Amino acid sequence: AYAVFHLNHHDKSDTKNDSHSPRNFKNIFSMMWDTKKQFVKIRERKHPLCQIYGKEVTVEWKNFERFADNPITIILMAILFSLFYYFFAPVWWCWFFLPITILNGPIQGAIVNWFGHKTGYRNFNINDHSKNVYQPIGWIMLGETNQNNHHTYPHSPNFAKRWFEIDLAYYVLIILHFFKIITLNKKPF
């Protein structure tokens, strides 16, 4: 479901047909809610985007999606996060971060997409409004906010292109490649 959604976002970036362009919404919350509704339809294979992009998705993780989207799994993950906070939160006010931890996926996705198309700087002049968010916010988001770089080189595993841009997720990929858990493409990007 995520692959279909993401393919559409790149193909129709910042147009009226973009599935989650911040240019099409009044605020970040309306974008998040609409994204959730569309994502459910895509996951259930009831969205028109499935017909357009479904053939391009060569790997489907239907069993994983069923497991991850199961209400029991979601409740168990919330309990595990709560237990982690119970054992490791050094002071009481850390508990205010628990809801952010539980909702990290949608929150991170909204921040990356909203600010990555609204504010920042551009390394490449392409036909959308993608931008790289100023550092150190980009570092905190593990390099995901280098949206202009990502939209210019969508197949590159490294979203950083200038000396001061850091894509921490890319370094995780290098470690996984080193231990032969994944294989990084050797082609230059």
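Residues numbered from 1 in each chain as written. Predicted model: local features only at pLDDT ≥ 70, side-chain atom pairs only at ≥ 80, totals over all residues. Heavy atoms only, no water.

1. So, the packing of helix H1 (residues 2–11) against helix H2 (residues 28–43)
Axis separation between H1 and H2 bottoms out at 9 Å; the angle between their running directions is 120°. Looking at the two axes, H1 sits oblique to H2. Every pair of crossing elements has a handedness; the one defined by H1 and H2 is right-handed. Contact residues: H1 offers Tyr-2, Val-4 and Phe-5, while H2 offers Thr-35, Gln-38, Phe-39 and Ile-42. (Axes fitted to C-alpha atoms, helices over the stretch in contact; angles between N-to-C directions. Helix = DSSP H or I, 4+ residues; strand = E, 2+ residues; numbered from the N terminus. Parallel < 35°, antiparallel > 145°, perpendicular 65-115°, else oblique. Left-handed = near helix turned anticlockwise from the far one by under 90°. Contact = heavy atoms within 4.5 Å.)

2. Observations concerning the environment of Trp-95
Structurally, Trp-95 is set in the loop between helix H5 (71–88) and helix H6 (98–102). By relative accessible area, Trp-95 is classed as partly exposed at 35%. For the pair Trp-95 and Ser-82, spaced 13 residues apart in sequence, the C-alpha to C-alpha distance is 8.6 Å. Setting aside residues up to four positions removed in sequence, Trp-95 forms contacts with Ser-82, Tyr-85, Tyr-86 and Ala-89. (Buried < 20%, exposed > 50% of the residue type's maximum accessible area, 1.4 Å probe, protein only.)

3. Let's talk about the packing of aromatic side chains
The full count for this structure, using the stated rule, is 13 aromatic pairs. Aromatic pair Trp-92 and Phe-96: ring centres 5.8 Å apart, planes at 70°, arrangement edge-to-face. Here Trp-92 and Phe-96 have matching classes, each one exposed. Judged by centre distance (5.3 Å) and plane angle (45°), the rings of Tyr-121 and Tyr-134 are tilted. Note that Tyr-121 is positioned in the loop between helix H7 (104–115) and helix H8 (137–140) and Tyr-134 in the loop between H7 and H8, a separation of 13 residues in sequence. (Phe/Tyr/Trp six-rings, centres within 6.5 Å; stacked < 30°, edge-to-face > 60°.)

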